[in-house]
Each structure stands twice: as C-alpha cells, then as structure tokens.
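Observations on chain architecture
Listed below, chain by chain, are the residues.
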Amino acid sequence: MLSDKKIAVIGLGTMGHAVVNGLLRSQSVNPDQISATVRTKPQAEKISKDLGIKCLTDNVDAVNDADIVLLCVKPKDIEKVSENLIKKGALKHNPLVISIAAGTSTGFIEGIIGQQCPVLRAMPNTPCFIGKGMTVVSKGSQAKDEHVALAKEIFSTMGRFTELEEKHMDTVTGLSASGPAFIYLIIEALVDGGVMRGLPRQIATELVAQMTLGAAEMVLTTGKHPASLKDEVTTPAGCTIAGILVLEDGRIRSVLARGVETAAKVAGELGR
Ligand SMILES: NC(=O)c1ccc[n+]([C@@H]2O[C@H](COP(=O)([O-])OP(=O)(O)OC[C@H]3O[C@@H](n4cnc5c(N)ncnc54)[C@H](OP(=O)(O)O)[C@@H]3O)[C@@H](O)[C@H]2O)c1
C-alpha cells in the first residue's frame, strides 16, 4: 500500500528524522515519495541534500498532494500548524493525518481541521531511527481500520507496532516514548559501576549495552515473566541476589514506576 503513497512530514526535528530515516532505511518508500518541512531555508537545503528527499519551508506546499500527513512538530505548535493548513485549504483532499504530538488528542486536532480527514494519534520513540522503535497508534473519530493498517505499514518499517484506545496514550508516552531516556540513565549508571571497579568506560559501555539488548530480547522472545528470568540469574547466596538487595534498598522498582507515572501525567498536560 505504501508504494504509491505520498507522505508529508511536517517538522523534521528529532522524531521527524527518526521516522524518515526509518522509512528510507527499510526501502519501503522511495525518497521522492517523501516531502518534509522545517522552518528555515538553510536547514531545508541541508536536509534535502543529506536525505535526498524534498524538504521545504512551506507546510502547505508539502501537504498539497500528500496522501498521508505526519504532524511531527512540538505539541505547542500543533494548533498553529493545523490552523494554517486548514485556512490555506491544504487538507481539502482529505489526507490521512497522523499526529505524533505528546498529550494532544485526536479530538483537539479534529476540532481544528474538522471531521473530513481521518486522524490518528501515534506515539513512536527515538529507536525508530535504527529500526528498533515501538509505536502505538489510536484512532480518531473518523479513522477506520484501513487507516490503522496504513499506519502499521509505516511504523512497522521502523520497529514494533500496536494499536490501543486513546485513553492509554499519555501512559504510552511516559513509558515507551520517554522510556529510552530512562534506560540510557540506567545504562550510564551501570557503566559507572563497572568503571568504579576498574573497567575502561568504553568496554563497560559495550558490556552494559549488549547486556541490556540481550535482556530485552529474552523478555520478548521467551515470553517469560521478568521475575522468572531474574530468578534464573540469581544463585542462592550468590553475587546477583546480593546486588539486587542493594537495588531494592534504594527502592529501584517504585522509583522507576513512579518515574513512568509522573512522565505520563506531564505528557497529559503538554497539549490538549
Ligand atoms: N523526542 C522524542 O523522543 C519523541 C517521542 C515521541 C513523540 N515525540 C513528539 O514528536 C514531536 C516532535 O518532537 P521532537 O523531539 O522531534 O521535537 P523537535 O526536535 O523540536 O522537532 C520539531 C521540529 O518541528 C519544526 N517546526 C516547528 N514549527 C514548525 C512549523 N511551523 N513548520 C514546520 N516545522 C516546524 C522545528 O523547527 P525548529 O528547530 O526550527 O524549531 C523542529 O525541527 C513532539 O510533538 C513530541 O511530543 C517526541
């Protein structure tokens, strides 16, 4: 389905780049199927040269012939960008609109652009950049299964994909979209532990990153409960359980869970 679709990516910042890079990397679309926008000409010229896609500074030009419009600007800019598109008649052909803005409901966007265009709300994450992303999508009032199928085709090129009811999207934001930052922090802290014990930082970083990858793959591929996988590592009276007790003394579980809870609450306050 994607092979004959034109995709407009409005706001080619961190996430816009991750999505475009994921799409191009998978070779599911050709560069000439993608048009993107940024705010300044020099930025646009550099992106066109680097990625081989059409990069413009006028959102209306980018959207005019697009089948799919991906809104990748910050939540605070969604209203202004959407109002401008509707005012200039750029959505008259009723493309599928997919917003990745945190905390911004499909109802809010429909309130601006009307109910002609199907709207989806998507929450990807930065690992989409390397094809290891996690994206969750929910439907707006006019979106149908065929639109979700199209979103699935797009985001599956850059990782895993699932659909959920919109009521879960702020939680998804605090979990799998903010989550990479939480994991980087944990990786950095574990590396510090190795460095404290005398490992060179570069080696410690490789050890921790590969270990994190392996542990995540174990959860996904075995389907076992994480507690059961943890039990497989902890020999009675061994070193791992000794380390775990120190982490538990520091309330690591509730700290991490509360981190997600707080990120989700703040996500809900970012947009509308
Ligand atoms: N970062 C994440 O991990 C993540 C994960 C999931 C979802 N999201 C969501 O993704 C969206 C983008 O986040 P981000 O981190 O990628 O932000 P970002 O790096 O600031 O990207 C936003 C881009 O939009 C551009 N922009 C602003 N106004 C514009 C306009 N009127 N027309 C065209 N382009 C415009 C910005 O240009 P300037 O640089 O010139 O301002 C910037 O390049 C947000 O809504 C966020 O909630 C982010």
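Above this text is the structure in question.
Residues numbered from 1 in each chain as written. Predicted model: local features only at pLDDT ≥ 70, side-chain atom pairs only at ≥ 80, totals over all residues. Heavy atoms only, no water.

1. A short note on the pairing of strand β6 (residues 119-123)
Residues in a regular strand point their side chains to alternate faces of the sheet. Of all five residues making up β6, five are buried, and the element is well covered by its neighbours. The two faces of β6 match: Val119, Arg121 and Met123 on one face and Leu120 and Ala122 on the other face are all buried. The pairing of strand β5 (residues 96-99) with β6 spans three bridges and is parallel. Bridge pairing in β6 links Ile98 to Leu120. In the sheet, β6 pairs with strand β7 (residues 133-139) via four bridges, with the strands oriented antiparallel. The residue bridging Ala122 from the neighbouring strand is Val137, located in β7. (Buried < 20%, exposed > 50% of the residue type's maximum accessible area, 1.4 Å probe, protein only. Helix = DSSP H or I, 4+ residues; strand = E, 2+ residues; numbered from the N terminus. Pairing = 2+ DSSP bridges.)

2. Digging into the packing of helix α8 (residues 179-196) against helix α9 (residues 201-222)
At their nearest, the axes of α8 and α9 sit 9 Å apart, and the two run at 135° to each other. Between α8 and α9, the crossing angle belongs to the class labelled oblique. Relative to α9, the crossing made by α8 is right-handed. Residues Ile183, Ile187, Leu190, Val191, Asp192 and Val195 of α8 pack against Arg201, Ala204, Thr205, Val208, Met211 and Thr212 of α9. Across the contact of α8 with α9, the residue classes tally to eight nonpolar, two polar and two charged. (Axes fitted to C-alpha atoms, helices over the stretch in contact; angles between N-to-C directions. Parallel < 35°, antiparallel > 145°, perpendicular 65-115°, else oblique. Left-handed = near helix turned anticlockwise from the far one by under 90°. Contact = heavy atoms within 4.5 Å. Nonpolar A, V, L, I, M, F, W, Y, C, P; charged D, E, K, R; others polar.)

3. Regarding the pairing of strand β4 (residues 68-71)
Residue alternation in β4 divides its side chains into two sets, Ile68 and Leu70 and Val69 and Leu71, and both sets are buried. Bridge count for strand β1 (residues 7-10) against β4 is four bridges, and the pairing is parallel. Across the sheet, Ile10 pairs through a bridge with Leu71, a residue of β4.

4. Some details on the site of the ligand
Among the 23 residues in the neighbourhood of the ligand, the closest are listed as Thr14, Met15, Arg39, Val73 and Ala102. Backbone polar atom of Thr14 to an oxygen atom of the ligand: 2.9 Å apart, as the coordinates give it. Burial of the ligand by the protein chains amounts to 79% of its free accessible area of 890 Å². When atoms are counted within 2 Å of each cavity's grid points, the one that captures over half of the ligand is the second largest pocket. Mapped by element, the contributors of at least two residues to the shell around the ligand are α1 (14-26) and α4 (75-87). Per-element tally for the shell around the ligand: the top contributor is α4, with three residues. Of the residues in the shell around the ligand, the class split is 13 nonpolar, seven polar and three charged. (Near = heavy atom within 4 Å. Polar contact = N/O pair within 3.5 Å; in protein donor to acceptor, adjacent residues only side chain to side chain. Areas by Shrake-Rupley, 256 points an atom, 1.4 Å probe, with all protein chains shown as cover. 1 Å grid on protein atoms, 1.4 Å probe; cavity = no way out; pocket = protein on both sides within 12 Å on 5 of 7 lines; lining within 4 Å. Sits in = over half its atoms within 2 Å of the grid points.)

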